[in-house]
Amino acid sequence: MRIWKSAANYLEDFHARAGDAWHHSAWEFRNPIGCSPDKVHLDVGFCRYRADGSVLGRYRSIWVVSFLDQRWAAQLRSSFAA
């Protein structure tokens, strides 16, 4: 499980984990599994791709997106993605 205290922490973590071969990612699905006025839990699937379009990996995760400091932002994820 990862908890990010800032957008910079998220980006540092992401680039360290995605690796040098990563070019882009795409959602396969995003399904809400619970929500309140200031938080949403999501069951998500996404795929990471190389520049040539070949697949690096497919992953399923649980994301928590919260309304903090007057904006919605990803706050936590539990994932098997490296």
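Before any of the text, the structure's been laid out above.
What counts and how
Residues numbered from 1 in each chain as written. Predicted model: local features only at pLDDT ≥ 70, side-chain atom pairs only at ≥ 80, totals over all residues. Heavy atoms only, no water. Helix = DSSP H or I, 4+ residues; strand = E, 2+ residues; numbered from the N terminus. Buried < 20%, exposed > 50% of the residue type's maximum accessible area, 1.4 Å probe, protein only. Salt bridge = Lys/Arg side-chain N within 4 Å of Asp/Glu carboxyl O. Expected span 1.5 Å × (residues − 1). Arc of directions from axis to C-beta. Phe/Tyr/Trp six-rings, centres within 6.5 Å; stacked < 30°, edge-to-face > 60°. Pairing = 2+ DSSP bridges.

Visitor: Describe unusual backbone geometry, naming the residues involved and giving the relevant values.
Guide: In this model, aspartate 69 sits at a positive phi of 50 degrees, which is unusual for a non-glycine residue. Tracing the backbone shows aspartate 69 in the loop between β4 (55–68) and β5 (71–79). On the accessibility criterion, aspartate 69 (74% relative accessible area) is exposed. Unusually for a residue other than glycine, glutamine 70 sits at a positive phi of about 65 degrees. Take glutamine 70: its relative accessible area is 70%, and that puts it in the exposed class.

Visitor: Which residues make up the pattern of salt bridges, and what values go with them?
Guide: Counted according to the given criterion, the structure contains two salt bridges. In this structure, the salt-bridge partner of arginine 58 is glutamate 28, at a minimum N-O distance of 2.6 Å. Highlighted residues: arginine 58 in strand β4 and glutamate 28 in strand β2 (residues 24–36), separated in sequence by 30 residues. By relative accessible area, which is 53% here, arginine 58 ends up exposed.

Visitor: Would you mind going over helix α1 (residues 7–18) in detail, with residue names and values included?
Guide: Its 12 residues give α1 an end-to-end C-alpha distance of 16 Å, which sits within 8% of 16 Å, the value for a rise of 1.5 Å per residue. Among the residues of α1, Asp13, Phe14 and Ala18 are the ones counted as buried. Seen along its axis, α1 keeps its buried residues to an arc of 115 degrees; they face one direction. Projecting away from the buried face of α1 at angles above 90 degrees are the exposed residues Glu12 and Ala16. Glycine 19 occupies a position one or two residues after α1 and carries a positive phi of about 90 degrees.

Visitor: Quick rundown of the packing of aromatic side chains? Include the residues and the values.
Guide: The geometry of an aromatic ring pair is captured by two quantities: the separation of the ring centres and the angle between the planes. Counted by the stated rule, this structure contains four aromatic pairs. Centroid distance tryptophan 27 to tryptophan 63: 5.9 Å. Interplanar angle 75 degrees. Geometry classified as edge-to-face. Taken together, the residues span a long stretch of sequence, with tryptophan 27 in strand β2 and tryptophan 63 in strand β4 at a distance of 36 residues. For tryptophan 63, a relative accessible area of 10% gives the class buried.

Visitor: Talk me through the pairing of strand β3 (residues 39–49); I want residue IDs and the actual numbers.
Guide: Here β3 lies mainly inside the structure; eight of its 11 residues are buried. Linking β2 to β3, which pair antiparallel, is a turn of two residues. Two elements, β3 and β4, share 11 bridges in a ladder whose sense is antiparallel. Bridge pairing in β4 links glycine 45 to arginine 60. From the end of β3 to the start of β4, which pair antiparallel, there are five residues, and glycine 53 there has a positive phi angle of about 90 degrees.

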